[in-house]
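Structural characterization, general
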Amino acid sequence: MTNQTMVISDAKSGLTMAIAVALTESALYSPAMPLVSPNGYFASRKKLLKKLEANGNGARMNALLDSMRASSPTRRPTDTEDHNSWILHHPSALSMFEEIMRASQGKQIVVFLDYDGTLSPIVEDPDRAFITTEMREAVRDVAKLFPTAIVSGRCRAKVYNFVIVRVYYAGSHGMDIKGPAKGHTHRKGNQTVLCQPAREFLPMIDEVYKALTEKVKCIPGAKVENNKFCLSVHYRCVEEKKWGELGDQVRMVINDYPQLRLTQGRKVLEIRPTIKWDKGNALEFLLEALGYAESNDVLPIYIGDDRTDEDAFRVLQERGQGLGILVSKTPKETNASYSLQEPSEASYEVPTTFGGVEEVVRIKALA
Ligand SMILES: O=P(O)(O)OC[C@H]1O[C@H](O[C@H]2O[C@H](CO)[C@@H](O)[C@H](O)[C@H]2O)[C@H](O)[C@@H](O)[C@@H]1O
């Protein structure tokens, strides 16, 4: 497993921007939101999702299976031309270092980090997605310099137990935030506030957790994870021929709960309340709690790898403020402006250099 840790520093101005990113070998065999069709890869996923929403139950189940397959293609190299054209629009955050530094001049950087696939490697057992000591140190360094939050699909307590660094945490895809109380922002106090907009769904989520656990127990490798305000049904370790059955079982349970919706991540089906609250709302909530809701002098930086992180990238885009950085080796439809990838796997997905830029495995520089 290869991790990439990056802490970028502009020693001249004394301004240090630190970004920690873990990119792992294991992410390779499960590219998030991969683009499967040789040419119109962005179109294929949209079509599938449309099909899923528009049709009745039978078609929905087929569409769900199609979508599960589409998000887990077999390993194969991305077309270089496709990749080059994508990278033009989503340049490497490392290659754009100077530009990022200019954008941060005179601004308060606030760092938002996704957990799985960003700070920790993608592994088969979700309970063993440990952060490395190096990465933990990098997060700690970042947090010393800037207000920092970890925004995860996992339940807040679980992600805290992995990271154990004093930052703000938003679990359950942003539906469980422990942020700063007014006047207690970065280094000014310890008082925190909780934001749990899906509180009323707790009993329902528990009920569905039990029902799903019961339903999928006959499918070898399937695992239901209780993320407190949402649930994950993992199929990374399920034989592909059983995916359809798993999707059907999940859909059958969810059909009885119109207040819950089904979304997808990296070889995971996610069940969450239909309320309009996602990682984008969490980002906005935390900016507000930190006192930067209306500020022009803030530069939020959000780093993430998954579909749920797109909600946060979109908020940054809509605010016309901040930087979204997508961690991905493969071209994907994204609202992020920049990308990061692991260079050592170049032989699989991308050339070692593109645009004349050499990726750096590890840069660690402090002000
Ligand atoms: O928002 P995130 O912090 O990225 O959390 C999203 C989901 O991450 C975890 O699942 C993913 O990582 C697992 C460990 O590497 C992997 O086994 C699984 O296939 C991935 O989907 C977590 O277990 C989920 O609950 C989160 O929703």
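The residue count restarts for each chain, going from 1 along the sequence in the order it is written. The predicted nature of this model means local features are confined to residues of pLDDT at least 70 and side-chain atom pairs, given and counted, to a pLDDT of 80 or more, with totals for whole chains, interfaces and linings taken over all residues.

Per an unreviewed UniProt entry, the protein chain is named Trehalose 6-phosphate phosphatase, and its organism is Sesamum angolense. UniProt positions are given in the numbering used here, feature names are shortened, and annotations may be inferred rather than shown by experiment. Here is the UniProt Catalytic activity (unreviewed entry) comment for the protein chain, exactly as written: "alpha,alpha-trehalose 6-phosphate + H2O = alpha,alpha-trehalose + phosphate". The annotation that UniProt attaches to the protein chain under Cofactor (unreviewed entry) is "a divalent metal cation".

Here we come to the site of the ligand. A molecule or strand has a residue near it when that residue's C-beta atom, placed from backbone coordinates, lies within 6 Å of it. Taken together, 24 residues lie around the ligand, and Tyr 115, Asp 116, Pro 126, Ser 152 and Gly 153 are the ones closest in. Polar here means any residue outside two lists: the nonpolar Ala, Val, Leu, Ile, Met, Phe, Trp, Tyr, Cys and Pro, and the charged Asp, Glu, Lys and Arg; Gly therefore counts as polar. Class assignment of the residues belonging to the shell around the ligand gives a composition of 6 nonpolar, 8 polar and 10 charged. Each of domain 1 (5-30 + 77-196 + 277-364) and domain 2 (198-276) gives at least three residues to the shell around the ligand. Residue ranges assigned to the domains are those given by an automatic or database domain assignment.

The subject of this paragraph is the domain arrangement of the protein chain. Along its sequence, the protein chain is carved into domain 1 (5-30 + 77-196 + 277-364) and domain 2 (198-276). Whether two residues are in contact is decided by their C-beta atoms, placed from the backbone, lying within 7 Å. Counting residues at the interface gives 18 residues for domain 1, matched by 19 residues for domain 2.

Let us now look at the pairing of strand β10 (residues 260-265). Taken together, the 6 bridges between β10 and strand β11 (residues 268-273) define a ladder with antiparallel strand orientation. Among the inter-strand pairings, Leu 262 is bridged to a residue of β11, identified as Ile 271. In this structure, the hairpin formed by β10 and β11 is closed by a connection of 2 residues, where Lys 267 is found at a positive phi of approximately 50 degrees. The pairing criterion is simple: DSSP has to find at least two bridges between the two strands. By the criteria applied, helices consist of DSSP H or I runs no shorter than four residues and strands consist of E runs no shorter than two, each listed in order from the N terminus.

An order of β8-β9-β11-β10 is seen for the 4 strands of this open sheet, with the pairing classed as antiparallel. Since the sheet does not close on itself, it has two edges, and those belong to β8 (223-226) and β10, each with one partner. Within the sheet, the average angular offset between the axes of one strand and its neighbour, ignoring direction, is 20 degrees. Here an angle of 0 to 180 degrees is reported between the N-to-C directions of two axes, which are lines fitted to C-alpha atoms, with helices fitted over the stretch in contact. Along the sheet face, helix α7 (residues 202-216) touches β8, β9 (231-234), β10 and β11 and points at about 10 degrees away from the line of β9. Sheet contacts for helix α8 (residues 243-255): β9, β10 and β11; angle to β10, the most-contacted strand, approximately 155 degrees.

As a further point, take unusual backbone geometry. Phi at His 173 takes a positive value of approximately 55 degrees, unusual for a residue other than glycine. The exposure scheme places C-beta atoms from the backbone and then counts, for each residue, the other C-beta atoms within 10 Å of its own, assigning buried at 20 or more, exposed at 12 or fewer, and partly exposed in between. The exposure class assigned to His 173 is buried, which follows from the 28 C-beta atoms found within 10 Å. One non-glycine residue with positive phi stands out, namely Lys 267, at about 50 degrees. Positionally, Lys 267 belongs in the loop between β10 and β11.

Another aspect to go through is the sheet that holds strand β13 (residues 323-327). Strand order in the open sheet made by the 8 strands is β7-β6-β5-β4-β3-β12-β13-β14, with mixed pairing throughout. Edge positions in the sheet fall to β7 (192-195) and β14 (338-340), since each of these pairs with one other strand and no more. With strand direction ignored, the average angle separating the axes of adjacent strands in the sheet is 20 degrees. Bridge count between strand β3 (residues 108-113) and strand β12 (residues 298-304): 6 bridges; the pairing is parallel. Residue pairing in the sheet places Ile 109 in a bridge with Leu 299 of β12. Those strands touched by helix α10 (residues 309-319) are β3, β4 (148-151), β12 and β13, and its axis lies near 155 degrees from that of β12.

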